[in-house]
Amino acid sequence: ELYSLNEDFRMLSILIHHHGIIINLLNLQYELLDRWDSGWIRIESMDLMWEKIREGADHVLEGTSGRVDSVCISGPIGTTADDRVYVATPFPYWPKSDLGRSITEPLKEMFPEARLVKFIGDGHAAGYALIKQKPELRSDRRILTIYTSFGIGGAVFTKGELDIGMHKVCGTFGHIIVDPNDEEQCPCGGH
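Before going into details, it helps to say that this report is about the structure given with it. (Residues numbered from 1 in each chain as written. Predicted model: local features only at pLDDT ≥ 70, side-chain atom pairs only at ≥ 80, totals over all residues. Heavy atoms only, no water.)

**Observations regarding the sheet that holds strand S10 (residues 161-163)**
What counts is decided by this rule: Being paired, for any two strands, means DSSP has found at least two bridges between them. Helix numbers and strand numbers start at the N terminus; a helix is a DSSP run of H or I with at least 4 residues, a strand a run of E with at least 2. Interaxial angle, 0 to 180 degrees, is taken between N-to-C directions of lines fitted to C-alpha atoms, where a helix line uses only the stretch in contact. Residues are treated as being in contact if the distance between any of their heavy atoms lies within 4.5 Å.
Strand order in this open sheet of 3 strands is S8-S9-S10, and the pairing throughout is antiparallel. Each end of this open sheet is capped by a strand with a single partner; those strands are strand S8 (142-148) and S10. Sheet twist, expressed as the average angle between the axes of neighbouring strands with direction ignored, equals 35°. Across 3 bridges, the pairing between strand S9 (residues 152-158) and S10 is antiparallel. Counterpart to Val-156 in the pairing with S10 is Asp-163. Contacts between helix H3 (residues 122-133) and the sheet are confined to S8, S9 and S10, with S9 contributing the most and set at about 50° to the helix.

The structure is reproduced here in structure tokens:
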């Protein structure tokens, strides 16, 4: 055996969904080492979300050696280019003061040794998973993936690479304005 992946490095995957949080701890071979599920909770604010993420991270890291090398957080949250929340559609009861807050900075504080902390929308994450499961989809063609759960998300891949568009909303179908005169308002403020 000439080379092996460092056993001491860990990856943390955090999935925020409409009614809870799931945290997975993996090694560099993508083997699942531990998993934590908050169960059904109403995520009232970003502060509650961070409290639950800390609880879950403490659970999966308890008794483990090594360090968290990378953290990936995914959820139905719209962010700006610098990972600040601009819309949290599934959480319309979040206080307005949560808008504009960073989704990655608190994780960098929780895991200062992590070399990578990344946020990705849930529709984009689902698209990545599909491309990984079906490598034949990686081609010169443009591919559209659609993810449905409590909402509709998706991803566009150009030559096998994620195309997020100029405003990071490529594939975010839930916020496409169909009728600007529609009286029904989305929790994000659009119609």
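On we go.
**Structural notes on the sheet that holds strand S4 (residues 67-75)**
Strand order across the open sheet formed by 5 strands is S3-S2-S1-S4-S7, with mixed pairing between neighbours. Whereas interior strands pair on both sides, the edge strands pair on one side only; in this sheet they are strand S3 (32-37) and strand S7 (116-121). Adjacent strand axes in the sheet meet at a mean angle of 15° when their direction is disregarded. For strand S2 (residues 20-27) and S3, the ladder comprises 5 bridges, and the chain directions are antiparallel. In the strand pairing of S3, Leu-25 is matched with Asp-34. Sitting on the sheet, H3 touches S4 and S7, and the angle it makes with S7 is about 100°.

**Points about a nonpolar patch on the surface**
This is how the line gets drawn: The patches described consist of residues with a relative accessible area above 30% and no salt bridge, like charges being joined within 9 Å and nonpolar side chains (Val, Leu, Ile, Met, Phe, Trp, Tyr) within 5 Å. Per-residue accessibility takes into account occlusion by the displayed protein chains alone, with areas from the Shrake-Rupley method and a 1.4 Å probe. One speaks of a salt bridge when a side-chain nitrogen belonging to Lys or Arg is within 4 Å of a carboxyl oxygen belonging to Asp or Glu. For the exposure calls, accessible area comes from a 1.4 Å probe over protein chains only, and a residue counts as buried if that area is under 20% of its type's maximum, exposed if over 50%, partly exposed in between.
A cluster of nonpolar side chains, Leu-144, Ile-146 and Ile-152, forms an exposed patch at the surface whose accessible area comes to about 310 Å². Following the sequence through the fold, Leu-144 ends up in strand S8. With a relative accessible area of 49%, Leu-144 lands in the partly exposed category.

In short, shape yes, function no, at least from these values alone.
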